[in-house]
Amino acid sequence: MRFGMFVPQGWRMDLVGIEPAQQWESMVNLARHADDGDVFESIWVYDHFHTVPQPSGEATHEAWSLMAGFGAATSRVRLGQMCTCMAYRNPAYLAKVAATVDVISGGRTEMGIGAGWYEHEWRAYGYGFPKAGDRLGALREGVQVFRDMWTKGEATLDGTYYQVDGAICAPRPLQGTSHPGSALNGIPMWIAGGGEKVTLKIAAQYADYTNFDGSAEGFDHKSEILKGHCDALGRDFGEIVRSANYNVVIGETDADVEDRLQFYGELLRKGGVADDKAAGAVEDLRKQPAVGTPDKIVSVLEDMEARGMTYAITYFAEAAYDRSGIELFEQTVAPELKG
């Protein structure tokens, strides 16, 4: 199994209490920790502007700015966003940004892309909030632009949502030119989301990777739908790497796990989340698949790997304050699965 790790950027209130002048240091030191080791193949951030579980004045650092910063500050790990919202940036412009990050990083960019869902920030930033069908239509057109920009060096599209007329991508990404990359796309494309009629059909056509439900039942169901779309399009289902995101709360004992869960609740409260809402978030986290002792998490991930989930993207809520959970995962879980 392959592993990625989210770097806290504030979106999930995971930088609360750290002064803005010290937040970059917290983030880049975690990126370098992953870079220096051999467990995590990639590091990830979210593409959001306002915090969850509720919008607040707490920091949320912008995804693609972080990609460029991490690209310059690391040398091995691959760099991704899970996932970029298509409508937040014109796709020709975003393809250009991603190509530049690929050059800065020496060919290590991953493009995670989706249709977007966080209505509050859409409206706050002046994007409106189109119906789901329109957001998905924009996703489909945007990934066409990406592929052309990265593989041909330019794109033209007279679409319903985007009009691009001879947009030039120079330099093209290193991946697919001077460096190995996706045979289809140049920069590897992750289509994130489990929408069965549209998103997974787009994934069947364009994706190198998918990212959807990480529960056993949900993963099996989405995989079956994805395979059906691949069969209909004549795409080899086995070409697509299937990934899932996991909130990891790990401890050597159940009491250690409980301590980390309570720390998460206190973090939310410090960020201004009401007691009842914070308690509910803790209970939701407690039910997640990768919460428990190392043996339990190994068992869960072994089962998921047998189902075809071969790339786990991990999130540790306390990472900016305490690396011991990451280190325990590196020492006890990853060695059982990386072989």
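Structural notes, computed from the coordinates. (Residues numbered from 1 in each chain as written. Predicted model: local features only at pLDDT ≥ 70, side-chain atom pairs only at ≥ 80, totals over all residues. Heavy atoms only, no water.)

Here we come to the overall build of the chain. For the chain, the count of helices and strands is 11 helices and 13 strands. Computed over the C-alpha atoms, the radius of gyration of the chain is 19 Å, within 12% of the 20 Å expected from 2.2 N^0.38 for a compact globule of 339 residues. Taken over the C-alpha atoms alone, the chain extends approximately 60 × 40 × 40 Å along its principal axes. Looking at the chain as a whole, 55% of its 339 residues are labelled buried. By sequence separation, contacts in the chain at least 24 residues apart represent 74% of the contacts at least 6 residues apart. With the model as given, the accessible surface of the chain reaches about 13,800 Å², and the carbon-plus-sulfur share is 49%. (Helix = DSSP H or I, 4+ residues; strand = E, 2+ residues; numbered from the N terminus. Rg over C-alpha atoms; globule rule 2.2 N^0.38 Å. Buried < 20%, exposed > 50% of the residue type's maximum accessible area, 1.4 Å probe, protein only. Contact = heavy atoms within 4.5 Å. Areas by Shrake-Rupley, 256 points an atom, 1.4 Å probe, with all protein chains shown as cover.)

As enumerated under the stated definition, the model contains 23 aromatic pairs in all. Each ring, one from Trp11 and one from Trp117, has its centre 6.3 Å from the other, and the planes form 65°; the classification is edge-to-face. One end of the pair, Trp11, is in the loop between strand S1 (2-6) and helix H1 (20-36); the other, Trp117, is in the loop between strand S5 (111-114) and helix H4 (119-124), and 106 residues separate them in sequence. With a centroid separation of 5.5 Å and an interplanar angle of 85°, the aromatic rings of Trp122 and Phe129 are classed as edge-to-face. Each residue in the set Phe6, Trp11, Tyr46, Trp117, Tyr118 and Tyr315 is aromatic and connected to the rest through ring pairs, giving one cluster. Arg12 extends its terminal NZ or CZ atom over the ring of Tyr315, reaching a point 3.9 Å from the ring centre. (Phe/Tyr/Trp six-rings, centres within 6.5 Å; stacked < 30°, edge-to-face > 60°. Lys NZ or Arg CZ within 6 Å of the ring centre and 35° of its normal.)

Once that is clear, we can look at the sheet that holds S1. The strand order across the open sheet built from nine strands is S3-S2-S1-S13-S10-S9-S8-S5-S4, with neighbouring strands paired in parallel fashion. The open sheet has two edge strands, strand S3 (78-81) and strand S4 (84-85), and neither has a second partner. In terms of strand pairing, strand S9 (residues 209-211) meets strand S10 (residues 241-247) through three bridges, oriented parallel. Directly across from Tyr209, in S10, lies its bridge partner Val241. Relative to S5, helix H5 (residues 132-152) is tilted by about 155°, and along the sheet it contacts S5 and strand S8 (189-192). Along the sheet, helix H10 (residues 294-306) contacts S1, S10 and strand S13 (309-315); its crossing angle with S13, the most-contacted strand, is approximately 140°. (Pairing = 2+ DSSP bridges. Axes fitted to C-alpha atoms, helices over the stretch in contact; angles between N-to-C directions.)

Moving on, we get to the packing of H5 against helix H6 (residues 199-206). What describes two packed helices is the angle between their axes and the distance between those same axes. Where H5 contacts H6, the two axes come as close as 10 Å, and the packing angle between them is 10°. Viewed along their axes, H5 and H6 adopt a mutual orientation that is roughly parallel. Judged by residue contacts, Leu136, Leu139, Arg140, Val143, Gln144 and Arg147 of H5 engage Thr199, Lys201, Ile202, Gln205 and Tyr206 from H6. Of the residues belonging to the contact of H5 with H6, the class tally is five nonpolar, three polar and three charged. (Parallel < 35°, antiparallel > 145°, perpendicular 65-115°, else oblique. Nonpolar A, V, L, I, M, F, W, Y, C, P; charged D, E, K, R; others polar.)

Before going further, it helps to spend a moment on the pattern of salt bridges. Side chains that differ in charge, positive against negative, can pair when their charged atoms come close. The tally for this structure, following the rule as stated, stands at 17 salt bridges. A salt bridge links Arg307 to Asp220; the nearest nitrogen and oxygen atoms lie 2.4 Å apart. Here Arg307, found in the loop between H10 and S13, pairs with Asp220, found in helix H7 (residues 216-233); they are 87 residues apart in sequence, far enough to count as distant. For Glu283, the salt bridge identified is with Arg286, shortest N-O distance 2.9 Å. (Salt bridge = Lys/Arg side-chain N within 4 Å of Asp/Glu carboxyl O.)

What follows deals with empty space enclosed by the protein. The tally for this structure, following the rule as stated, stands at one cavity of 30 Å³ or more. Put simply, the largest cavity is a space of about 70 Å³. What lines the largest cavity is simply Arg12, Asn247, Val248, Val249, Arg260, Phe263, Tyr264, Leu285, Tyr315, Ala317 and Glu318. Broken down by element, the lining of the largest cavity gets its largest block of residues, three residues, from helix H8 (residues 254-270). (1 Å grid on protein atoms, 1.4 Å probe; cavity = no way out; pocket = protein on both sides within 12 Å on 5 of 7 lines; lining within 4 Å. Points joined across faces, edges and corners; volume = space filled by probe spheres on them.)

Before going further, it helps to spend a moment on H8. Its 17 residues give H8 an end-to-end C-alpha distance of 25 Å, which sits within 8% of 24 Å, the value for a rise of 1.5 Å per residue. Buried positions along H8 lie against strand S11 (249-250), helix H9 (275-286), strand S12 (291-292) and helix H11 (324-337). Taken from the residues just after H8, Gly272 is the one with a positive phi, measuring 100°. (Expected span 1.5 Å × (residues − 1).)

The space that makes up the largest pocket amounts to roughly 940 Å³. Forming the walls of the largest pocket are 39 residues, and the residues nearest its centre are Trp11, Arg12, Tyr46, Trp117 and Asn245. Elements that contribute at least two residues to the lining of the largest pocket include exactly H5, S10, H8 and H9. Across the lining of the largest pocket, the residue classes tally to 23 nonpolar, 11 polar and five charged.

Further remarks concern the environment of Ile250. Mapped onto the fold, Ile250 is located in strand S11. When the C-alpha positions of Ile250 and Leu261 are compared, they lie 9.5 Å apart, and in sequence the two are 11 residues distant. If we ignore the near neighbours within four places in the chain, the residues touching Ile250 are Val257, Arg260, Gly292, Pro294, Ile297, Phe316, Gly325, Leu328, Phe329, Thr332 and Val333.

Right, let's get into the pairing of S8. Neither face of S8 is exposed, since Met189 and Ile191 on one face and Trp190 and Ala192 on the opposite face are all buried. Pairing of S5 with S8, which is carried by three bridges, proceeds in the parallel orientation. Across the sheet, residue Gly112 finds its bridge partner in S8, namely Trp190. Judged from the three bridges that link them, S8 and S9 form a sheet pairing that is parallel. The partner of Ala192 across the bridge, within S9, is Asn211.

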